Amino acid sequence: MNRFERINMPPWANLATVWGVLFILWLVPSQFQLIKYLGVVGAPATAALAAAGTGALLWLTSHFRLAPSRIWFWLLCGLLAVVFVVIFPLANSGAYGVGSDRDDALNVTIEALLAGNYPYGVRTYLGNPPTPMPGAMVLALPFYLLGTAAWQNLFWMPVFVIWVYKRFASPSLALLALLMVWFSPAVMQDFATGGDYVVNAIYVAIAADLAVRTETRGGRWSRLVALLFLCLTISSRPIYAVVALVVGGQLLQTVGPLRALHFLMAAAAIGLALNLPFFLYDPAQFPTAHLMGKLDGQRLGIAAKVVLPIVAVLATLFSLRLKATSANLFAVIGLSLAAILYPAFLLEVGQTGHGDRWLWTATFAVAVSVFGTLAVLMKLDEHAMQEDQHQLV
């Protein structure tokens, strides 16, 4: 892929909108960490600094010839690896609090499954029910066998960095996307403490993009492998079921209704084969029951359980009207996840006098931030490529 140095950005008014969207995507899931670690004074100051930094980076990429070499991406991988190696043992030592049990949720479910027991009948060391679905267990299994499921973070982090580097025509925008994602406090805490929530979003993004491109240009076996990978990734958390619909909407445009229907039917069959046996064994302990229980604890919870899935499905219909591009793929997925995750914490704002609850719920919106950031900056990348090709003509 040819890489250009000059980024032909849209007018500044549009760039200001990009800046605002990127900052909101960075801020929403990070409020809990900002206030927890920096306090009510340090949090706004850090947020303002992040807003200024985001604007400065956008301005630099639009006004100067910046073409960061591959070494910058490897340095980012090295820095993140060091952060994980240093913080993960500290977080699990108990010396600085109870830590996160997201990695333990995978470990205990896989351990139970390998012992021939029902994986969702166990509890983490914090007494919480495990929420990773069967796809997450399968993808984490090799790393569990190496010692702990948390090691998957050190695998998927460089895979994501390399994938972003390859998928962007502009290395400047690729690096900006990675900086916006990885230096989100919510992302950094989940990654460094061994959580899998960010990893889920990362491999779903890669799998969705791979599925669309493979269905369009790949052979039969490569399409099958991409489909299996996608089904495993979207079977990691209940919220990602909507991704199959979005991908199907794009395939309707690119490969026609018959192939798109075959894809959706195959995805549904594989998804049911992965999840239905665990659900039927004990529906009350399957992760979807835990998710529904959280909604029951909110005001308008019953309405949310009915309305939010409908809104998410309606959002996927945009994929039928938008041009089938990577930016639009991630934009529709991000909007669909936002329809599910943003109301979850907005409903809690003002519900009680304690801010910790809705601030913590907002951290789950980090999935929206990953897809939204990719969508916004890929849209700029597409615009830059079009302008560059127009100038060549």
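Residues numbered from 1 in each chain as written. Predicted model: local features only at pLDDT ≥ 70, side-chain atom pairs only at ≥ 80, totals over all residues. Heavy atoms only, no water.

A.B. asks: Now, about the packing of aromatic side chains: what can you tell me, with residues and values included?
C.D. replies: Two aromatic rings are characterised by how far apart their centres lie and by the angle between their planes. Overall, the coordinates contain 23 aromatic pairs when judged by the stated rule. Here Trp19 and Phe23 contribute two aromatic rings whose centre-to-centre distance is 6.4 Å and whose plane-to-plane angle is 10°, an arrangement assigned as stacked. Here Trp19 and its partner Phe23 are both found in helix 1 (residues 12–27), four residues apart, which amounts to about one turn of the helix. A relative accessible area of 33% means that Trp19 is categorised as partly exposed. Relative accessible area serves as the criterion here: at 16%, Phe23 is assigned to the buried category. With a centroid separation of 6.3 Å and 85° between ring planes, the pair formed by Tyr120 and Phe278 is classed as edge-to-face. With a gap of 158 residues between them, Tyr120 in the loop between helix 4 (102–114) and helix 5 (134–145) and Phe278 in helix 12 (residues 257–281) connect regions that are remote in the sequence. There is no split in this pair, since Tyr120 and Phe278 are both buried. Here the aromatic residues Phe84, Phe88, Trp151, Phe160, Trp163, Trp182, Phe191, Tyr240, Phe330 and Phe371 are joined through ring pairs into a cluster of three or more. (Phe/Tyr/Trp six-rings, centres within 6.5 Å; stacked < 30°, edge-to-face > 60°. Helix = DSSP H or I, 4+ residues; strand = E, 2+ residues; numbered from the N terminus. Buried < 20%, exposed > 50% of the residue type's maximum accessible area, 1.4 Å probe, protein only.)

A.B. asks: Give me the lowdown on the confidence of the model for the chain, citing residues and values where you can.
C.D. replies: The pLDDT averaged across the chain works out to 85; a share of 83% of its residues lies at or above 70. Predicted confidence is poor over residues 1–5, with pLDDT under 50, and the contacts of this stretch with residues over four places away or in other chains come to 20 contacts. (pLDDT = per-residue confidence, 0-100. Contact = heavy atoms within 4.5 Å.)

A.B. asks: Before we move on, can you summarise empty space enclosed by the protein with the specific residues and values?
C.D. replies: Summed over all chains, the structure comprises two cavities of 30 Å³ or more. Reported here for the largest cavity is a volume of approximately 40 Å³. Surrounding the largest cavity, Leu25, Trp26, Met180, Val181, Ser184, Val187, Val366, Ser369, Val370 and Thr373 form its lining. Among the secondary structure elements, those contributing two or more residues to the lining of the largest cavity are helix 1, helix 7 (171–182) and helix 18 (366–392). At four residues, helix 18 tops the list of elements feeding residues into the lining of the largest cavity. Residues of the lining of the largest cavity, tallied by class, amount to seven nonpolar, three polar and no charged. Estimated volume of the second largest cavity: approximately 30 Å³. Around the second largest cavity, the lining residues are Asn153, Trp156, Met157, Trp182, Asp190, Phe191, Gly195, Val198, Val199 and Ile202. (1 Å grid on protein atoms, 1.4 Å probe; cavity = no way out; pocket = protein on both sides within 12 Å on 5 of 7 lines; lining within 4 Å. Points joined across faces, edges and corners; volume = space filled by probe spheres on them. Nonpolar A, V, L, I, M, F, W, Y, C, P; charged D, E, K, R; others polar.)

A.B. asks: Describe in detail the nonpolar core, supporting the description with residues and values.
C.D. replies: Phe160, Trp182, Tyr240, Val243, Val247 and Leu337 are the most contacted members of the largest nonpolar core, which totals 110 residues. Apart from the residues within four sequence positions on either side, Tyr240 is in contact with Tyr197, Asn200, Ala201, Val204, Ile234, Leu337, Ala367 and Phe371. (Core = buried A, V, L, I, M, F, W, Y, C linked by side-chain atoms within 4.5 Å.)

A.B. asks: Residue-level account of helix 12, with values.
C.D. replies: Between its first and last C-alpha, helix 12 extends 35 Å over 25 residues, near the 36 Å set by a 1.5 Å rise per residue. The largest bend in helix 12 comes to about 40°, at Asn275, with the proline Pro277 one to four residues further on. For helix 12, the full list of buried residues reads Ala260, Phe263, Ala267, Gly271, Leu274, Asn275 and Phe278. (Expected span 1.5 Å × (residues − 1). Bend = angle between axes of the 7 residues up to and from the residue.)

A.B. asks: Quick one: what's the story with the packing of helix 10 (residues 220–234) against helix 12, residue by residue and with numbers?
C.D. replies: Where helix 10 meets helix 12, the axes come as close as 10 Å, and the angle between the chain directions of the two elements is 50°. Judged on the interaxial angle alone, helix 12 and helix 10 are oblique. In this structure, helix 10 meets helix 12 at a crossing whose hand is right-handed. On the side of helix 10, the interface is formed by Arg223, Leu227, Leu228, Leu230, Cys231 and Leu232, while helix 12 contributes Arg259, Phe263, Ala266, Ala267, Ile270 and Leu274. Residue classes in the contact of helix 10 with helix 12 are distributed as 10 nonpolar, no polar and two charged. (Axes fitted to C-alpha atoms, helices over the stretch in contact; angles between N-to-C directions. Parallel < 35°, antiparallel > 145°, perpendicular 65-115°, else oblique. Left-handed = near helix turned anticlockwise from the far one by under 90°.)

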